[in-house]
Amino acid sequence: MVAASAAGSGVQAPRITTPAGNTEVIDLNGVTGVEFGDSEQELTRRGVLRSDVDACGPLLAGHGSVSPIFVDDRLVLLWADDPMSTPEGIGAGTPVAEVRARYPSAIRLRAPAGTYRFDGLLARSGDRAYLFLHDGRVVRETIAGYADWAHRLFDEGYSPC
């Protein structure tokens, strides 16, 4: 991957960390204790990044359903599974119609024909975005982070495994 300037700049979205029901919240800054632009070395030093578990890549301590994606030692994306949701309550299992209602400016992304990839909805806010991968009915995966990297992830078909 081409080197990224992932330190981020501009206005940051407000941090909302109150879980809705039994879910954990992922927002456009990251998750509790982990923010986009953090270095892999720093997260490891703080004991937040775990690579000692039987998983396809490193996980965040206390957030077992979140896979971090790093570029040039900086956290650029978080790939989140159930029970993670956005502050608006969007996560795995949410109907696509509800995503469109909550994020009306989301851009539709079509998976290449003949692939096993999901279509996407990219909800951008400044240099950050949510990428909701869906099967046409419901959200299957939620990715949050830098908008350019989320769009690139969709285009290239990357996964944390």
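To be clear, the structure that these remarks concern was listed above.
In this report, we go over the structure that sits alongside the text. Computed from a predicted structure; not experimentally measured. (Residues numbered from 1 in each chain as written. Predicted model: local features only at pLDDT ≥ 70, side-chain atom pairs only at ≥ 80, totals over all residues. Heavy atoms only, no water.)

### Structural notes on the side chain of His134
Next up, step 1: Note on placement: His134 falls in strand β11 (residues 128-134).
Next up, step 2: Its relative accessible area of 5% is what places His134 among the buried residues.
Next up, step 3: In this structure the side chain of His134 is engaged in a polar contact, spanning 3.0 Å, whose partner is the backbone nitrogen of Gly136.
Next up, step 4: With near-sequence residues (within four places) excluded, His134 lies in contact with Val96, Phe118, Asp119, Gly120, Leu121, Val139 and Arg140. (Helix = DSSP H or I, 4+ residues; strand = E, 2+ residues; numbered from the N terminus. Buried < 20%, exposed > 50% of the residue type's maximum accessible area, 1.4 Å probe, protein only. Polar contact = N/O pair within 3.5 Å; in protein donor to acceptor, adjacent residues only side chain to side chain. Contact = heavy atoms within 4.5 Å.)

### Examining the packing of aromatic side chains
Next up, step 1: If you walk through the whole model with that rule in mind, you get 4 aromatic pairs.
Next up, step 2: Arranged with centres 5.4 Å apart and planes meeting at 40°, the rings of Tyr103 and Phe132 form a pair that is tilted. Of this pair, Tyr103 sits in the loop between α2 (96-102) and β9 (107-109) while Phe132 sits in strand β11, and the two are 29 residues apart along the sequence.
Next up, step 3: Since its relative accessible area comes to 11%, Tyr103 is described here as buried.
Next up, step 4: Classification of Phe132 as buried rests on a relative accessible area of 0%.
Next up, step 5: Ring pairs connect the aromatic residues Tyr103, Tyr130 and Phe132, which therefore count as one cluster.
Next up, step 6: The lysine or arginine in question, Arg117, covers the ring of Phe154, its NZ or CZ lying 5.8 Å from the ring centre. (Phe/Tyr/Trp six-rings, centres within 6.5 Å; stacked < 30°, edge-to-face > 60°. Lys NZ or Arg CZ within 6 Å of the ring centre and 35° of its normal.)

### Considering the pairing of strand β12 (residues 139-146)
Next up, step 1: For β12, the buried fraction is high: 7 of the 8 residues fall into the buried class.
Next up, step 2: In terms of strand pairing, strand β7 (residues 74-80) meets β12 through 4 bridges, oriented antiparallel. Opposite Trp79, over in β12, you have Ile143 as the bridge partner.
Next up, step 3: In this antiparallel pair of consecutive strands, β11 and β12, the connection spans 4 residues, and Gly136 shows a positive phi of 95°. (Pairing = 2+ DSSP bridges.)

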